[in-house]
Amino acid sequence: MNNNTDTTKTGLGFLSILTLIFVVAKILGFLSWSWWLVFLPIWGPILSLALFILVAWIVTLITNG
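Keep in mind that what you see is a predicted model, and the values were worked out from it rather than measured. (Residues numbered from 1 in each chain as written. Predicted model: local features only at pLDDT ≥ 70, side-chain atom pairs only at ≥ 80, totals over all residues. Heavy atoms only, no water.)

Draft legend 1. How the structure looks around the environment of V38. Counting through the fold element by element, V38 comes out in helix 2 (residues 35-38). You can call V38 buried: its relative accessible area is 0%. For the pair V38 and L20, spaced 18 residues apart in sequence, the C-alpha separation works out to 9.0 Å. In this structure V38 touches T19, F22, V23, K26 and W33, once residues within four positions along its chain are discounted. (Helix = DSSP H or I, 4+ residues; strand = E, 2+ residues; numbered from the N terminus. Buried < 20%, exposed > 50% of the residue type's maximum accessible area, 1.4 Å probe, protein only. Contact = heavy atoms within 4.5 Å.)

Draft legend 2. Focus on the packing of aromatic side chains. Applying the stated criterion across every chain yields a total of two aromatic pairs. Where F22 meets W33, the ring centres are 5.0 Å apart and the plane angle is 75 degrees; that geometry is what we call edge-to-face. You can see F22 sitting in helix 1 (residues 14-28) and its partner W33 sitting in the loop between helix 1 and helix 2, a full eleven residues away along the chain. W33 gets classed as partly exposed once you look at its relative accessible area, which sits at 33%. Ring geometry for W35 and F39: centres 5.9 Å apart, planes at 25 degrees, overall stacked. Take W35: its relative accessible area is 41%, and that puts it in the partly exposed class. (Phe/Tyr/Trp six-rings, centres within 6.5 Å; stacked < 30°, edge-to-face > 60°.)

In short, geometric facts, not functional conclusions.
What follows is the structure in structure tokens.
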């Protein structure tokens, strides 16, 4: 039995679509946010990962004395 289930995912993810919506809304004047807030969905996962690594490092320092 050949179970070849090779699938490829293409397209935009949720955060990419949200960023595009924010950019279009900013350009059309619906949002008065600063640009760093408009692009926050792109930076969110990166900042979350950095925060997780920082907390893990602090916990490691505390537990290892």
